[in-house]
Amino acid sequence: MQQKDVFYRTWPLRFWNWLDKRYALQEFLHALVDVPIPRSANTLYLGGITLFLFGIQAITGILLSIYYQPTPENAYGSILFIMNDVRFGWLIRSIHAWGANLMIIFCILHLLRVFVQGAYKPPRELTWMAGVLLLMLTLGFGFTGYLLPWDQRAFWATTVGSEIAGAIPLVGQAALNFLRGGPEITALTLSRFFGTHVLVLPVGLALLVAIHLVMVHQQGLADPTEPTGSPDDLLQEGAEGSRVGGSDDH
Amino acid sequence: MRESDPRESEGRLPTVDRRGFVRSLLGFSIISTIMGVLTPIIGYLWPPARSARGGGGRVLVGTLTDIPPGQAEVLPINDKPVIVVNTQDNQVRAFSAICTHLGCVCEWEDRRQFILCPCHDGRFNALTGAVISGPPPSPLPSVEVVVEDGDIYAGGA
Amino acid sequence: MTTKNRESENKEQENRLLLPFFPHYLLDEVIAWYVMLGVIVVLASLFPAGLEEQADPFQTPAHIKPEWYFLAVYQELKIVPRTIGVLTPMLGILLLLVLPFIDRNPHKTWRRRPIAVGLGVIVLVAAIVLTVWGWRS
């Protein structure tokens with residue numbers, strides 16, 4: 001029994017060492033993970049949950065794309081097929097639909113938390129801006145994804161929604177045509193919404209999330225307790241924050 | 001499965017301490033969660049049965065004038081190639097046109113009146129579907145076919 | 001850490017103020033994710049996603065509404081002139097984007113940021129009212 005234990009413990013360890021020697025993984029992992037968190041920081045896990053929901057959306061979305069067919073003739077039928085014939089298809093699609101709504105809710109709650117705690121203030125201006133853009137991309141996901149089932153609700157909600165773009169002064173009609181791929185909602189609209197939903201937005205969101213997280217990692221979490229003194233002190237505190245976050249040699 | 005405390009293991013029951021117990025529980029929860037997530041995903045990826053999609057009804061393939069005696073035609077019936085043969089003595093037969101050897105689609109050899117697989121020269125009897133010569137291991141499965149008022153229907157039960 | 005030149009007392013104090021990301025913070029985070037996974041599976045099972053009739057471009061059904069997150073803008077468009085109705089949310093997003101550069105107040109706690117928090121509450125309440133209004137109309 002003891003030998004067995006030793007065996008199980010050593011081999012993964014040896015493999016790890018083998019990899020570590022070649023790629024300095026230990027250092028990398030330390031740099032990634034050894035970030036001290038201010039005890040007074042209180043994130044309420046909202047950002048983390050949003051990230052988790054994005055992961056769920058990615059997985060269920062990839063699964064749905066396996067059976068979904070983005071043409072007006074087949075889209076509705078393929079959704080029916082997913083709901084009725086594919087094992088757990090109803091579950092995967094329902095999780096994707098709920099995940100979409102929850103992701104937007106948690107995005108907004110995360111934004112409110114950062115607002116209330118004043119965590120957007122210097123030196124975290126760019127993290128905030130990336131976050132606002134992430135919310136916009138998430139809303140874009142919602143808008144483009146809503147059309148894909150190609151049922152009455154999807155079609156007409158998109159009609160009304162994209163009509164709004166037409167009201168923009170000067171460029172309204174052009175914006176509308178760009179959005180719909182023509183003046184009406186057709187097969188072209190469906191395929192460009194599909195492409196945006198499954199390729200453009202995921203890549204954009206993933207990149208922006210990475211940037212957002214790297215910025216958080218470099219600066220550490222914001223401490224919501226009152227800073228004392230002038231804005232100069234505040235920048236001082238910011239500089240210290242980045243030092244704390246970036247150091248990793250214990 | 002943990003190494004036991006040497007003080008207690010002398011001729012007594014193996015001990016399960018609290019830490020080991022909690023660790024087993026934790027491992028169990030992690031594994032069951034992973035299984036719970038993987039089961040729907042694997043089930044989803046497994047292709048569903050296509051039975052719901054019109055598994056096969058009777059299909060009108062043409063009239064006797066379309067396929068005169070001594071002729072045959074390969075037609076798609078319920079998404080599968082079927083060869084409908086009208087033999088020289090006016091007997092209408094239908095067979096799956098998928099060669100039992102390697103899945104090529106067979107054709108009609110007009111001159112010598114048999115069904116020919118062009119890939120490896122497999123030959124089938126036009127009346128029974130039996131193998132005449134060549135590599136095919138088994139005869140072509142026959143497909144239901146009926147003639148009503150000169151109309152040929154194939155497929156279905 | 002660059003603590004060589006620091007006094008150990010200082011270091012101790014810092015240790016009390018900071019918590020390691022791993023495993024302390026990450027564990028809490030993973031628990032939150034786990035709960036979320038449960039919640040989403042239960043919601044999806046109890047209220048599966050629906051599907052209406054296939055889209056028919058020649059027949060508009062009654063009561064078309066956008067998704068809930070667009071309802072505020074949708075309702076706002078109904079009650080103000082079109083051009084203003086479109087430009088207001090766009091301006092709002094722009095202001096939200098550059099908020100850290102507009103809000104120069106160094107304080108973080110909400111008690112000492114009456115203007116920012118006041119405006120925030122007004123915008124939030126307006127958005128909620130418009131959403132509920134759009135949902136019920």
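Residues numbered from 1 in each chain as written. Chains lettered and ligands numbered in written order. Predicted model: local features only at pLDDT ≥ 70, side-chain atom pairs only at ≥ 80, totals over all residues. Heavy atoms only, no water.

1. Thoughts on the overall build of chain B
To be explicit about the condition: Under the DSSP-based scheme used, a helix requires at least four consecutive residues in state H or I and a strand at least two consecutive residues in state E, with every element numbered from the N terminus. Buried, partly exposed and exposed residues are distinguished by accessible area as a fraction of the type maximum, computed with a 1.4 Å probe on protein chains only: under 20%, between the cut-offs, and over 50%, respectively. Two residues qualify as a contact provided that any one of their heavy atoms is within 4.5 Å of a heavy atom in the partner residue.
The helix and strand tally for chain B stands at one helix and 10 strands. Its helices and strands in sequence order give chain B the pattern α-β-β-β-β-β-β-β-β-β-β, from N to C terminus. Counting all 157 residues of chain B, 29% fall into the buried class. Residue pairs in contact within chain B that sit at least 24 positions apart in sequence constitute 40% of those at least 6 positions apart.

2. Comments concerning the sheet that holds strand 3 (residues 80-86) of chain B
Residues and elements named next belong to chain B. The condition that has to hold: At least two bridges found by DSSP between two strands are what make those strands a pair. Lines fitted to C-alpha atoms define the axes, with helix axes restricted to the stretch in contact, and inter-axis angles between N-to-C directions lie between 0 and 180 degrees.
Within the open sheet, the three strands sit side by side as 2-3-4. Their pairing is antiparallel. With one partner strand each, in any of the chains shown, strand 2 (71-77) and strand 4 (92-96) form the two edges of the open sheet. Averaged over all pairs of adjacent strands, the angle between their axes in this sheet comes to 25°, without regard to strand direction. Where strand 3 meets strand 4, five bridges bridge the pair, whose relative direction is antiparallel.

3. Focus on the pattern of salt bridges
Residues and elements named next belong to chain A. For the record, the criterion: The salt bridge definition used is simple: a Lys or Arg side-chain nitrogen within 4 Å of an Asp or Glu carboxyl oxygen.
Going through the model one piece at a time under the given rule, you end up with five salt bridges over all chains. Arginine 180 is the partner of glutamate 163 in a salt bridge, and the nearest nitrogen-oxygen pair spans 3.3 Å. One end of the pair, glutamate 163, is in helix 7 (residues 152-165); the other, arginine 180, is in helix 8 (residues 172-180), with 17 residues separating them in the sequence. On the basis of relative accessible area, glutamate 163 is assigned to the partly exposed category, the value being 35%.

4. Overview of the state of the cysteines
All names here are of chain B. Operational definition: Disulfides are defined as cysteine sulfur pairs within 2.5 Å.
Throughout the structure, instances matching the rule amount to one disulfide over all chains. Put simply, cysteine 104 and cysteine 119 are joined by a disulfide, and their sulfur atoms are 1.9 Å apart. Classification of the bridge connecting cysteine 104 and cysteine 119 rests on its S-S torsion, roughly -100°, and on that basis the disulfide is left-handed. With cysteine 104 in the loop between strand 4 and strand 5 (107-109) and cysteine 119 in the loop between strand 6 (114-117) and strand 7 (122-124), this pair connects stretches of sequence that are 15 residues apart. For cysteine 104, a relative accessible area of 19% corresponds to the buried category. Since its relative accessible area comes to 37%, cysteine 119 is described here as partly exposed. No disulfide involves cysteine 106; its sulfur sits 4.7 Å from the nearest other cysteine sulfur, which is in cysteine 117. Here cysteine 117 is not cross-linked by a disulfide; its sulfur's nearest cysteine counterpart is in cysteine 99, at 3.6 Å. Under the relative-accessibility criterion, cysteine 117 is labelled buried at 1%.

5. Some words on the packing of aromatic side chains
Just so we agree on the cut-off: Centres within 6.5 Å make a pair out of two Phe, Tyr or Trp rings, where for Trp the six-membered ring is used; the pair is then stacked when the planes are under 30 degrees apart, edge-to-face when over 60, and tilted otherwise. Two conditions define a charge located above a ring, namely a distance within 6 Å from the ring centre to NZ of Lys or CZ of Arg, and an angle within 35 degrees of the ring normal.
In total, this model carries 16 aromatic pairs over all chains according to the counting rule given. Considering the side-chain rings of A:Tyr67 and B:Tyr44, the 5.0 Å spacing of their centres and the 80° angle between planes classify their relative orientation as edge-to-face. With A:Tyr67 in helix 3 (residues 46-67) and B:Tyr44 in helix 1 (residues 18-45), the pair connects residues from two separate chains. Here A:Tyr67 matches B:Tyr44 in class, with each residue buried. Both rings, one in A:Phe143 and one in C:Phe70, keep their centres 5.9 Å apart while their planes meet at 90°; by these two values the pair is edge-to-face. In this pair, A:Phe143 sits in helix 6 (residues 125-147) while C:Phe70 sits in helix 3 (residues 68-79), so the two residues belong to two different chains. The exposure class of C:Phe70 is partly exposed, given its relative accessible area of 24%. One aromatic cluster is present, built from ring pairs that chain together A:Phe143, A:Phe193, C:Trp68, C:Tyr69 and C:Phe70. Its guanidinium or amino end placed over the ring of A:Phe178, A:Arg192 lies 5.5 Å from that ring's centre, counting from NZ or CZ.

6. Considerations on the side chain of A:Arg180
Residue and element names in this part refer to chain A. Heads up, the rule is: Counting of polar contacts relies on pairs of N or O atoms within 3.5 Å, with two restrictions inside protein: one atom must be capable of donating a hydrogen and the other of accepting it, and residues adjacent in sequence are counted only when both atoms are side-chain atoms.
Since its relative accessible area comes to 6%, arginine 180 is described here as buried. A distance of 3.0 Å separates the side chain of arginine 180 from the backbone oxygen of threonine 159, its partner in a polar contact. Once residues lying within four places of it in the same chain are set aside, the contact partners of arginine 180 are Thr159, Ser162, Glu163, Ile185, Leu188, Thr189 and Arg192.

7. So, the packing of helix 4 (residues 75-84) of chain A against helix 5 (residues 89-116) of chain A
Residue and element names in this part refer to chain A. Applied cut-off: Roughly parallel means an angle under 35 degrees; roughly antiparallel, over 145; roughly perpendicular, 65 to 115; everything else is oblique. Residue classes follow a fixed rule: Ala, Val, Leu, Ile, Met, Phe, Trp, Tyr, Cys and Pro count as nonpolar, while Asp, Glu, Lys and Arg count as charged, and any other residue, Gly among them, counts as polar.
Here helix 4 crosses helix 5 at 115°, and the two axes come no closer than 5 Å. One finds that helix 4 runs roughly perpendicular with respect to helix 5. Across from Ile79, Ile82 and Met83 in helix 4, the residues of helix 5 making contact are Gly89, Trp90 and Arg93. Residue composition of the contact of helix 4 with helix 5, by class: four nonpolar, one polar and one charged.

8. Describing unusual backbone geometry
That bond from A:Pro122 to A:Pro123 is cis: its omega, 10°, falls within 30 degrees of zero. Along the chain, the position of A:Pro123 falls in the loop between helix 5 and helix 6. Residue C:Pro23 is bonded to the preceding C:Phe22 through a cis peptide linkage, with omega at 0°. Looking at where C:Pro23 falls in the secondary structure, it is placed in helix 2 (residues 21-46). You will see that A:Leu44, though not glycine, has its phi angle at about 60°, which is positive. Accessibility expressed as a relative area gives 47% for A:Leu44, which makes it partly exposed. Phi angles above zero are rare outside glycine, and C:His63 is one such case at about 55°. Position of C:His63 among the secondary structure elements: in the loop between helix 2 and helix 3.

9. Structural notes on the interface of chain A and chain C
Under the convention used in this document: Buried area is a sum: the accessible area each of two parts loses on coming together, probed at 1.4 Å, counted once for each and added.
At the interface, 81 residues of chain A touch 72 residues of chain C. For the pairing of chain A and chain C, the buried interface totals around 7,000 Å² over both sides, and the portion due to carbon and sulfur atoms is 69%. Connecting chain A to chain C are two salt bridges. In this structure, A:Lys121 and C:Asp103 form a salt bridge, with 3.2 Å as the shortest nitrogen-oxygen distance. Joining chain A to chain C, the criterion identifies 26 residue pairs in polar contact (both at pLDDT 80 or more). Secondary-structure elements contributing two or more residues to the side of chain A that touches chain C are strand 1 (36-38), helix 3, helix 4, helix 5, helix 6, helix 7 and helix 10 (231-246) of chain A. Ranked by residue count, the leading element in the side of chain A that touches chain C is helix 5 of chain A, at 17 residues. In terms of residue class, the side of chain A that touches chain C is made up of 54 nonpolar, 13 polar and 14 charged. The sheet contact formed by strand 1 of chain A and strand 1 (residues 18-20) of chain C spans three bridges and is antiparallel. Among the inter-strand pairings, A:Ile37 is bridged to a residue of strand 1 of chain C, identified as C:Leu19.

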